[in-house]
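Coordinate analysis (summary)
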Amino acid sequence: MADHTDRTPHIPGQRQESPPANHGQDLDFPEAPPAPSLEDLEEKEPRLEALHEWWDDAWDEGGFLHDRWEDLRRAPELGWHGMANWVKTALGLAGICAVLILLDGATDVLAGTLHRLLTAVPRVQVGADTSTGVFAVVDQPIRSYIAAHSASLPISASTVYTVWQIAGLFGLVGGSFRSSGARLTWTAWGAGSIAMVYSAAPADGRAIATGLAVLAWTVASAFALRGLTLRPAFFTHIHNAGHQIEPHIHLPAPAAPAADDTPDNVRPLQKR
């Protein structure tokens, strides 16, 4: 029976040829990068030499980097007016950036502190007896008025009452330091407080409550409006030019000699 296999018979002593090697191409291996040529190496060397030469020249006396370093070194000695302009610009930009960073970090802290300050007082309620004595005659109508008219506002009545107290304290303290804006604030705050007392006080004691409010505001105005006078001020400008002294030097002209003063030894020139 014939053997129909495709095997090549092995002959002793004969060298079998191996299939050509693909060097890993059939496995899709990445090819190795080509080695840099001598021309590329020769082009990079002059660039490095030029960069090194520029660096040395920049740090020599009169170079760009040397001059900038001297500006920085002499800045503390020269002061703000004598230092270089680019140093002033850099310091100004650095200061602005520092302020922006501090403000960005302090915004949340200030907002939280202000919120806690505004909500620190108890809830304001109509008819809540939270004050006693003579102060309650003025304070209780103000609380009742604020609680009755702040229901539709996006902030609570306690917050409105706290802001009202802060405005009055600002007007009192600022007015004592003779601030015009603080005095205007104190005047408006007092008028508003008296109007709220008159509107929210009981009908049978409205006149007494309003009178006590006016009296309390007047007494406190002795500190907030101190130094303020209602007398008209007259300003008189006296223009006195005074005496003006202008020195002048007058030199008299030399007098001509008289005819009798001619000496005897002087003879007129005669031609012979």
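Here, every reference points to the structure presented above.
To start, this report covers the structure provided alongside it.

What counts, and where the lines are drawn
Residues numbered from 1 in each chain as written. Predicted model: local features only at pLDDT ≥ 70, side-chain atom pairs only at ≥ 80, totals over all residues. Heavy atoms only, no water. Helix = DSSP H or I, 4+ residues; strand = E, 2+ residues; numbered from the N terminus. Buried < 20%, exposed > 50% of the residue type's maximum accessible area, 1.4 Å probe, protein only. Contact = heavy atoms within 4.5 Å. Areas by Shrake-Rupley, 256 points an atom, 1.4 Å probe, with all protein chains shown as cover. Expected span 1.5 Å × (residues − 1). Arc of directions from axis to C-beta. Salt bridge = Lys/Arg side-chain N within 4 Å of Asp/Glu carboxyl O. Core = buried A, V, L, I, M, F, W, Y, C linked by side-chain atoms within 4.5 Å.

1. Topic: the overall build of the protein
When you go through the protein residue by residue, the secondary structure sums to seven helices and zero strands. Starting at the N terminus, the α and β elements of the protein follow one another as α-α-α-α-α-α-α. Put simply, the protein has 272 residues, and 18% of those count as buried. Expressed as a percentage of contacts within the protein between residues at least 6 apart in sequence, the contacts between residues at least 24 apart total 47%. Accessible area for the protein stands at about 23300 Å²; split by element, carbon and sulfur atoms hold 63% of it.

2. A short note on helix α6 (residues 180-200)
Helix length check: α6, at 21 residues, gives a terminal C-alpha distance of 30 Å against a target of 30 Å (1.5 Å per residue), a fit within 8%. Every buried residue of α6 is accounted for by A182, R183, W186, G190, S193, I194, M196 and V197. Considered in projection along α6, the buried side chains sweep an arc of 160° and stay on one side of the axis. In α6, the exposed positions that point more than 90 degrees away from the buried face belong to S180, L184 and A188. Those residues of α6 that are buried lie in contact with α4 (134-149), α5 (157-176) and α7 (206-224).

3. Some details on the pattern of salt bridges
In this structure the tally under the stated criterion is three salt bridges. Across the pair E70 and R73 runs a salt bridge, and its minimum N-O distance is 2.6 Å. With E70 and R73 both in helix α2 (residues 64-82) and three residues apart, the pair spans about one turn of that helix. A relative accessible area of 21% means that E70 is categorised as partly exposed.

4. Description of the nonpolar core
A general feature of soluble globular proteins is that nonpolar side chains tend to end up buried together. One finds V138, I142, I146, A157, Y161, I194, M196, V197, A201, A209 and A213 forming the largest nonpolar core, which totals eleven residues. Contributions of two or more residues to this core are made by α4, α5, α6 and α7.

So, to be careful, I would describe these as geometric facts and stop short of saying anything about function.
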